[in-house]
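Residue strings, one per chain:
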Amino acid sequence: DGFAIGGSLGADRAEMLQLLRFLVPLLPADKPNHLLGIADPESSAAVVPLGIDTMDSCNPTRIARHGTLLCTGGELKIKQSRFLDDHGPIDPAVETISHSRAYLHHLFKQHEPLYMTLA
């Protein structure tokens, strides 16, 4: 059991952070805080130090549909032709992803449903 924080949290990231700086200290410290609908990696990184434990977002799925993957080194635009013969890992920092950039590039270009599962 914990607390879900969501809805419209300000007009922009700065207002959202200001609201969270006010709100999170009022919540019990022994309960997890879940933030609903965070849309981008920058916001995700900004809310963790404020006491947000978990969050959800449709953004990674939305941008993956258009050929962009979120990796530890930043965005990877897998639809670019430079990945046609790139048999390196999707994210070298994540050993559990066993498919190559070339394979995901192929799946994306062929509109294979498996792409969205792996992306």
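Note that this is a predicted model, so its numbers are computed, not measured.

> Help me out: how do you make sense of the overall build of the chain in this one?
Looking only at helices and strands, the chain features five helices and five strands. Starting at the N terminus and walking to the C terminus, you meet the elements of the chain as β-α-β-α-β-α-β-β-α-α. For the chain, whose C-alpha radius of gyration is 18 Å, the value lies well above the compact-globule estimate of 14 Å for 119 residues. Carbon and sulfur atoms make up 56% of the accessible area of the chain, which amounts to about 7,700 Å² in all. Put simply, the chain has 10 plus and 14 minus side-chain charges, and the middle of one group is 7 Å from the middle of the other.

> Would you mind showing me how to read the sheet that holds strand 1 (residues 3-5) here?
Adjacent strands of a sheet pair through backbone hydrogen bonds, lying either parallel or antiparallel. A sheet is described by the order of its strands in space; here three strands give the open sequence 1-2-3, paired in parallel fashion. A single partner strand is all that each edge strand has here, and the edge strands are strand 1 and strand 3 (54-55). Of the pairings in the sheet, the one linking strand 2 (residues 33-35) to strand 3 comprises two bridges and is parallel in character. Across the sheet, the residue bridging to Leu35 is Met55, located in strand 3.

> Is there a simple way to explain the pairing of strand 4 (residues 68-71) in this structure?
Looking along a regular strand, one sees the side chains alternate between the two faces of the sheet. In this sheet, strand 5 (residues 74-77) lies alongside strand 4 in antiparallel orientation, the contact comprising four bridges. Paired with Cys71 across the strands is Gly74, a residue of strand 5. Adjacent in sequence and paired antiparallel, strand 4 and strand 5 are bridged by two residues.

> Would you mind showing me how to read helix 4 (residues 101-109) here?
For the α-helix, the turn length of 3.6 residues means that residues three or four positions removed from each other point alike. Among the residues making up helix 4, those that are buried are Arg101, Ala102, Leu104, His105, Leu107 and Phe108. Here the buried face of helix 4 lies against helix 3 (59-65), strand 4, strand 5 and helix 5 (113-118). In the segment just after helix 4, His111 is the residue with positive phi, at about 55°.

> Honestly, the packing of aromatic side chains in this entry has me stumped. Any pointers?
For any pair of aromatic rings, the description rests on two quantities: the centre-to-centre distance and the angle between the ring planes. For the structure on display, the rule yields one aromatic pair. Here the aromatic rings of Phe108 and Tyr115 are separated by 5.2 Å at their centres, their planes lie at 70°, and the arrangement is edge-to-face. Residue Tyr115 is classed as buried on the basis of its relative accessible area, which comes to 3%.

What counts as what
Per chain, residues are indexed from 1 in the order of the written sequence. Local features in a predicted model are, by the rule used here, given only for residues with pLDDT of at least 70; side-chain atom pairs are given and counted only at 80 or more, and totals for whole chains, interfaces and linings are based on all residues. Water and hydrogen atoms play no part in the side-chain values, which are based on all heavy atoms of the structure. Counting from the N terminus, the helices are the DSSP runs of H or I reaching at least four residues and the strands are the DSSP runs of E reaching at least two. Both definitions apply: the radius of gyration is a C-alpha atom measure, and the globule rule equals 2.2 Å times residues to the power 0.38. Note that accessible areas follow from Shrake-Rupley with a 1.4 Å probe, and for residues the cover is restricted to the protein chains shown. Neither His nor the chain ends contribute to the count of charged residues, in which Lys and Arg are positive and Asp and Glu negative. To locate a charge, the coordinates of NZ of Lys, CZ of Arg, CG of Asp or CD of Glu are taken. Note on pairing: DSSP must find at least two bridges between two strands before they are called paired. Three exposure classes are used, based on accessible area relative to the maximum for each residue type with a 1.4 Å probe and protein chains only: buried under 20%, partly exposed in between, and exposed over 50%. Contact between two residues is taken to exist if any of their heavy atoms lie within 4.5 Å; hydrogens are not considered. Any pair of Phe, Tyr and Trp rings, taking the six-membered ring for Trp, is counted once the centres come within 6.5 Å. Such a pair is stacked with planes under 30 degrees apart, edge-to-face with planes over 60 apart, and tilted for the rest.

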